[in-house]
Amino acid sequence: MGKQVLFWPELFKETDKGLVLVANKCKKCGAVSFPKNELCVFCLGEEMEEVELSRKGILYSYTITRVPVDKWTAPHAIGQISIPENQLRIVAPLIMEDENDTFNIGDELEMEIAKYWDDGDNEVMGYKYRPVKKKGGK
Ligand SMILES: [Zn+2]
């Protein structure tokens, strides 16, 4: 039997809410960097503090790839996701219910840990976003 392994574990932190994504916030200008950066990419400030990213996002833009890319099977959706609570936009895979699934700009999303791909017997897990309305059917 394989096990589940996290892709890029440094992106996560275990909390009482489960795994959350962590980012860095610049102490000088307040800009949030994800993944974490040593330096602030906006003001080159060097003093950063760790912040937890909210699980809630809003779909800003997305694309669906109909051919396999590297380890990703097709179809495969990638979104640009606004995280209003952290004033940040990140890129992340979106969960498709089936191969004809589509998304709407402005969809409310929630982060969850889901499978990226198989690696031998193991399942490589990472963060994905799922439209909230799809929980338990539309
Ligand atoms: Zn800064």
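Our structure's up above, just so we're on the same page.
Our subject in this report is the structure included herewith. For clarity, every value in this text was computed on a predicted model and none was experimentally measured.

## Concerning the packing of aromatic side chains
Applying the stated criterion across every chain yields a total of eight aromatic pairs. With centroids separated by 5.7 Å and ring planes inclined at 50°, the aromatic side chains of Phe-7 and Tyr-116 adopt a geometry described as tilted. With Phe-7 in the loop between β1 (4-6) and β2 (12-15) and Tyr-116 in strand β9 (residues 108-119), this pair connects stretches of sequence that are 109 residues apart. By relative accessible area, which is 36% here, Phe-7 ends up partly exposed.

## Re the coordination of the zinc ion
Here the zinc ion is held by the protein donor atoms Cys-26 (SG), Cys-29 (SG), Cys-40 (SG) and Cys-43 (SG), which lie 2.3 to 2.4 Å from it. The motif formed by the donor residues of the zinc ion, counted along the single chain, is C-x2-C-x10-C-x2-C. Remark: Cys-40 occurs in the loop between β4 (32-33) and β5 (48-52) and Cys-26 occurs in strand β3 (residues 18-26); sequence separation between them is 14 residues. As far as the burial class goes, Cys-26 and Cys-40 line up, both buried.

## Some points on the environment of Asp-119
Tracing the sequence through the fold places Asp-119 in strand β9. A residue is classified by how much of its surface remains accessible, and Asp-119, at 47% relative accessible area, is partly exposed. For the pair Asp-119 and Glu-52, spaced 67 residues apart in sequence, the C-alpha separation works out to 28 Å.

## Some words on the environment of Val-91
Its location among the elements puts Val-91 in strand β8 (residues 88-94). C-alpha separation for the pair Val-91 and Lys-28, spaced 63 residues apart in sequence, amounts to 25 Å. Ignoring anything within four residues of it in the chain, the contact list for Val-91 reads Ile-78, Gly-79, Gln-80 and Tyr-127.

## Considering the nonpolar core
By size, the foremost hydrophobic cluster in this structure holds 27 residues, and its most contacted members are Leu-21, Phe-34, Ile-81, Ile-90, Leu-94, Tyr-127 and Tyr-129. If you list the elements that add at least two residues to this core, you get β3, β6 (56-65), β7 (76-83), β8, β9 and β10 (122-131).

## Quick word on the layout of surface pockets
Volume-wise, the largest pocket comes out at about 260 Å³. Forming the boundary of the largest pocket are 18 residues, of which Thr-73, Pro-75, His-76, Lys-115 and Lys-128 lie nearest the centre. Contributing elements (two or more residues each) for the lining of the largest pocket: β7, β8 and β9. In terms of residues, the lining of the largest pocket owes the most to one element, β9, which gives four residues. Considering only residue class, the lining of the largest pocket consists of nine nonpolar, two polar and seven charged. Counted as a void, the second largest pocket has a volume near 160 Å³. Taken together, Phe-7, Trp-8, Leu-11, Trp-72, Ile-78, Val-91, Ala-92, Pro-93, Tyr-116, Trp-117 and Tyr-127 make up the full set of residues lining the second largest pocket. Of all the secondary-structure elements, those providing two or more residues to the lining of the second largest pocket are β8 and β9. Considering every element that reaches the lining of the second largest pocket, the biggest residue donor is β8, with three residues. Of the residues contributing to the lining of the second largest pocket, the split by class is eleven nonpolar, no polar and no charged.

What counts, and where the lines are drawn
Residues numbered from 1 in each chain as written. Predicted model: local features only at pLDDT ≥ 70, side-chain atom pairs only at ≥ 80, totals over all residues. Heavy atoms only, no water. Phe/Tyr/Trp six-rings, centres within 6.5 Å; stacked < 30°, edge-to-face > 60°. Helix = DSSP H or I, 4+ residues; strand = E, 2+ residues; numbered from the N terminus. Buried < 20%, exposed > 50% of the residue type's maximum accessible area, 1.4 Å probe, protein only. Donors = N, O, S within 2.8 Å, 3.2 Å for Na, K, Ca; no water. Contact = heavy atoms within 4.5 Å. Core = buried A, V, L, I, M, F, W, Y, C linked by side-chain atoms within 4.5 Å. 1 Å grid on protein atoms, 1.4 Å probe; cavity = no way out; pocket = protein on both sides within 12 Å on 5 of 7 lines; lining within 4 Å. Points joined across faces, edges and corners; volume = space filled by probe spheres on them. Nonpolar A, V, L, I, M, F, W, Y, C, P; charged D, E, K, R; others polar.

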